[in-house]
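Below are the chains, spelled out letter by letter.
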Amino acid sequence: VRDGEIALDHYLHPRNRGDMPGPDAQATVHNPVCGDTTRLSLKMERGVIAQVRWQTEGCGTSIAASSMASEMLEGRTLDEAAQVTRQAIDGALGGLLPAKMHCAVLAADAIQAALADYGSRARKPGATSRRA
Ligand code: FES
């Protein structure tokens, strides 16, 4: 698979797309410039990300970036997930055109926001823990 074909494959065959009832972490991020939105949901099990779901209303590249990001998150610890940056997503997709880099930023921002949501849920007093 050549560069460019990776992104196209994820666009045509999105991985882990969909909604998730009862997520352990969830975030919705929006790019006000292009109007694209992505929502990322995570389920944790034994300290790792056991399931990832996303819904993106946006350009083809943002869909490819969400799909790739979801594969990069599966089975990762929270610390490892924090390393799934815009550069990491861009690299995994084979290198986006500069004009499309913000589509990887949308996916990376969703990851950071979901991790922050997980952290804030964990700090809530009386929060039940299913994260043994
Ligand atoms: S054009 Fe907005 S995320 Fe791709």
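Everything below is about the structure shown above.
Residues numbered from 1 in each chain as written. Predicted model: local features only at pLDDT ≥ 70, side-chain atom pairs only at ≥ 80, totals over all residues. Heavy atoms only, no water.

(A) Molecular detail of the pattern of salt bridges. Using the criterion set out here, one finds 4 salt bridges in the structure. A salt bridge links D9 to R15; its shortest N-O distance comes to 2.8 Å. Classification of R15 as partly exposed rests on a relative accessible area of 23%. (Salt bridge = Lys/Arg side-chain N within 4 Å of Asp/Glu carboxyl O. Buried < 20%, exposed > 50% of the residue type's maximum accessible area, 1.4 Å probe, protein only.)

(B) Broad picture of the nonpolar core. Counting residues in hydrophobic clusters, the biggest one holds 31 residues, and the most contacted among them are L40, L42, I49, L73, I89, L93 and I111. The set of elements that each furnish at least two residues to this core consists of β1 (25-30), β2 (37-45), β3 (48-57), α2 (60-73) and α5 (101-123). Not counting the four nearest positions on each side in its chain, I111 is found in contact with L40, A69, L73, A81, V84 and I89. (Core = buried A, V, L, I, M, F, W, Y, C linked by side-chain atoms within 4.5 Å. Helix = DSSP H or I, 4+ residues; strand = E, 2+ residues; numbered from the N terminus. Contact = heavy atoms within 4.5 Å.)

(C) Summary view of the environment of T61. Position of T61 relative to the elements: it lies in helix α2. The exposure class assigned to T61 is buried, which follows from its relative accessible area of 16%. As a C-alpha pair, T61 and L40 span 21 residues in sequence and 16 Å in three-dimensional space. Those residues in contact with T61 that sit more than four places away from it in its chain are L96, K100 and C103.

(D) Structural detail: the environment of K100. For K100, the position within the fold is in the loop between α4 (86-92) and α5. Sequence separation between K100 and R17 is 83 residues; the distance between their C-alpha atoms is 21 Å.

(E) A look at the sheet that holds β1. Ordered in space as β1-β2-β3, the 3 strands form an open sheet in which the pairing is antiparallel. If you trace the sheet from one side to the other, it starts and ends with β1 and β3, each paired once. Taken pair by pair, the neighbouring strands of this sheet meet at an average axis angle of 15°, ignoring direction. Contacting β2 and β3, α2 crosses the sheet at an angle of about 175° to β3. Each of β1 and β2 is contacted by α5, which is oriented at about 140° to β1, the strand it contacts most. (Pairing = 2+ DSSP bridges. Axes fitted to C-alpha atoms, helices over the stretch in contact; angles between N-to-C directions.)

(F) Layout of α5. Compared with an ideal rise of 1.5 Å per residue, which puts 23 residues at 33 Å, α5 spans 33 Å between its outermost C-alpha atoms and is within 8% of the ideal. For α5, the full list of buried residues reads C103, A104, V105, L106, A107, A108, A110, I111, A114, L115, D117 and Y118. Looking at the buried positions of α5, the neighbouring elements they touch are β1, β2, α2, α3 (78-82) and α4. (Expected span 1.5 Å × (residues − 1).)

(G) Region of interest: the side chain of S62. Along the chain, the position of S62 falls in helix α2. With a relative accessible area of 1%, S62 lands in the buried category. Setting aside anything within four residues of it in sequence, one finds S62 in contact with D36, T56, C103 and L106.

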